[in-house]
Amino acid sequence: MLILASLIKLIDTNSKVAMPSLKKVGERSYELDLRGYVCPYPQMYTSQALSKLPKGSILKVVIDNPPSIENIKSVAQKAGAKSIVVNSKSGEWDIVIEL
């Protein structure tokens, strides 16, 4: 996790890729729209978002990059997720993570 955090900092400071915003959509629900991002950005931004959220929160990550599905699930498991559900719809995936 320390390596991932260092990589995030390095890429964020040396990259022109805009950091997506974490949007609050309910009392304990948040959404992170990562459509258009490719590896390693989806898992990095998911890791950052999960580190900011309190236990009991639900994060929906929206992606359109299939290789990111397993990577995001792995990041969520390492962050202590209680459940991870993946829903597919027309070339996009919603990954719902409960902390």
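To keep things clear, this report deals only with the structure shown in the data block. Just so we're clear, the structure is a prediction, and the values are computed from it rather than from any experiment. (Residues numbered from 1 in each chain as written. Predicted model: local features only at pLDDT ≥ 70, side-chain atom pairs only at ≥ 80, totals over all residues. Heavy atoms only, no water.)

Quick word on helix α2 (residues 41-52)
Taking 1.5 Å as the rise per residue, α2 with twelve residues should run 16 Å; its terminal C-alpha atoms sit 17 Å apart, in good agreement. When α2 is considered as a whole, its buried residues turn out to be Tyr41, Pro42, Gln43, Met44, Tyr45, Thr46, Ser47, Gln48, Ala49 and Leu50. (Helix = DSSP H or I, 4+ residues; strand = E, 2+ residues; numbered from the N terminus. Expected span 1.5 Å × (residues − 1). Buried < 20%, exposed > 50% of the residue type's maximum accessible area, 1.4 Å probe, protein only.)

Section: the environment of tryptophan 93
Here tryptophan 93 lies in strand β5 (residues 92-98). The exposure class assigned to tryptophan 93 is buried, which follows from its relative accessible area of 15%. Setting aside its immediate chain neighbours within four residues, tryptophan 93 contacts Val61, Val62, Ile63, Asp64, Asn65, Pro66, Ile69, Val86, Asn87 and Ser88. (Contact = heavy atoms within 4.5 Å.)

A short note on the packing of aromatic side chains
If you walk through the whole model with that rule in mind, you get three aromatic pairs. Ring geometry for tyrosine 37 versus tyrosine 41: centroids 6.4 Å apart, planes at 55 degrees, classification tilted. The same class applies to tyrosine 37 as to tyrosine 41, namely buried. Note on tyrosine 37 and tyrosine 45: the rings are 5.6 Å apart at their centroids and 85 degrees apart in plane angle, and the pair reads as edge-to-face. A residue is classified by how much of its surface remains accessible, and tyrosine 45, at 1% relative accessible area, is buried. (Phe/Tyr/Trp six-rings, centres within 6.5 Å; stacked < 30°, edge-to-face > 60°.)

A closer look at helix α3 (residues 68-78)
For α3, the set of buried residues is Ser68, Ile69, Ile72, Val75 and Ala76. Each buried residue of α3 lies within a common arc of 130 degrees when the element is viewed along its axis, so the set occupies one face. In α3, those exposed residues whose orientation departs by more than 90 degrees from the buried face are Glu70, Gln77 and Lys78. (Arc of directions from axis to C-beta.)

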